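Here is how the chains run, residue by residue.
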Amino acid sequence: MSGSLPEFERQPHRRAKGGVAETEAASYLERCGFRILARNVVTHAGEIDLVASEGETLCFVEVKARASARFGPAIAAIGREKQRRLARAASLYLLRHPWSGPCRFDALGLDAGPHGWTITLVRDAFQVAATS
């Protein structure tokens, strides 16, 4: 729960709302012991919302926020196509920023409620098949 929900609701467009949600997500992850390494990483394959480390693990974090439950929980909005784009973007990120430890894909959903955000973090939310 956080005070950023009113700020999220005041934003004029989706991109601005996304920025507020990503700031809330980054704060939450830091409180959970993650270290934020980068935000809004843009590659030819797409954007990575947050790149963080948790211990020796590099985490590519997709953030979704929902102002209402009308279309289901935020976390459910991360479909197969988004996962594929995120995996390609992560591969390009790793070409520029080599990492010797394990990597994973996390999903963080922020769902608006009457008393602020309900945050759902799914570590290792999906796997990417290795290609040769």
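Residues numbered from 1 in each chain as written. Predicted model: local features only at pLDDT ≥ 70, side-chain atom pairs only at ≥ 80, totals over all residues. Heavy atoms only, no water.

1. As for the side chain of Q83
As for its placement among the helices and strands, Q83 is situated in helix α3 (residues 80–96). The buried category is assigned to Q83, whose relative accessible area is 16%. The residues contacting Q83, other than those within four sequence positions of it, are I78 and F126. (Helix = DSSP H or I, 4+ residues; strand = E, 2+ residues; numbered from the N terminus. Buried < 20%, exposed > 50% of the residue type's maximum accessible area, 1.4 Å probe, protein only. Contact = heavy atoms within 4.5 Å.)

2. Here we look at α3
In this model α3 runs 25 Å from its N-terminal to its C-terminal C-alpha over 17 residues, within 8% of the 24 Å that 1.5 Å per residue would give. Those residues of α3 that fall on the buried side of the exposure criterion are K82, Q83, L86, A87, A89, A90 and Y93. The elements touched by buried residues of α3 are β1 (35–43), β2 (46–54), β3 (57–66), β4 (103–113) and β5 (116–126). (Expected span 1.5 Å × (residues − 1).)

3. Looking at the sheet that holds β4
Hydrogen bonding along the main chain pairs the strands of a sheet, whether they run parallel or antiparallel. Taken together, five strands build an open sheet; the order of strands is β1-β2-β3-β4-β5 and the sheet is mixed. At either margin of the open sheet sits one strand with a lone partner, and together these are β1 and β5. Strand-to-strand twist in this sheet, taken as the mean axis angle between neighbours without regard to direction, amounts to 30°. (Pairing = 2+ DSSP bridges. Axes fitted to C-alpha atoms, helices over the stretch in contact; angles between N-to-C directions.)

4. Topic: the nonpolar core
The nonpolar side chains of a soluble globular protein tend to be buried, and buried together. Among the nonpolar cores identified, the biggest contains 15 residues, and L29, L50, V61, V63, L108 and L110 are the most heavily contacted of them. Counting only elements with at least two residues in this core, the list comes to α2 (14–31), β2, β3, β4 and β5. Per-element tally for this core: the top contributor is α2, with four residues. Apart from the residues within four sequence positions on either side, L108 is in contact with A25, Y28, L29, V61, E62, V63, K64, I75, I119, T120 and L121. Counting residues in hydrophobic clusters, the runner-up holds 14 residues, among them V41, A45, L58 and F126. (Core = buried A, V, L, I, M, F, W, Y, C linked by side-chain atoms within 4.5 Å.)

5. Side note on the pairing of β4
The element β4 is largely enclosed, with a buried count of eight among its eleven residues. Here nine bridges tie β3 to β4, and the two strands are oriented parallel to one another. Bridge pairing in β4 links V63 to L108. Pairing analysis gives eight bridges linking β4 to β5, with the strands arranged antiparallel. Counted as the bridge partner of A112 is W117 from β5. Taking the residues between adjacent antiparallel strands as the criterion, β4 and β5 are bridged by two residues.

6. Quick notes on unusual backbone geometry
The phi dihedral of N40 is positive, around 50°, even though this residue is not glycine. Its location among the elements puts N40 in strand β1. The backbone of D124 shows a phi angle near 55°, a positive value even though the residue is not glycine.

7. Points about the pairing of β1
Within a regular strand, the side chains alternate between the two sheet faces. Relative to β2, β1 runs antiparallel, the two sharing seven bridges. The partner of I36 across the bridge, within β2, is A52. If you look at the hairpin formed by β1 and β2, you'll find two residues sitting between the two strands.

8. So, the packing of aromatic side chains
Here the distance between the centres and the angle between the planes together describe a pair of aromatic rings. Evaluation of the coordinates by the stated rule reveals three aromatic pairs. Relative to Y93, the ring of F60 has its centre 5.7 Å away and its plane inclined at 80°; by these criteria the two rings are edge-to-face. With a gap of 33 residues between them, F60 in strand β3 and Y93 in helix α3 connect regions that are remote in the sequence. One exposure class covers both F60 and Y93, and it is buried. Cluster of aromatic residues (ring-pair linked, three or more members): F60, Y93, F105 and F126. (Phe/Tyr/Trp six-rings, centres within 6.5 Å; stacked < 30°, edge-to-face > 60°.)

As far as function goes, none of this settles anything; it's purely spatial.
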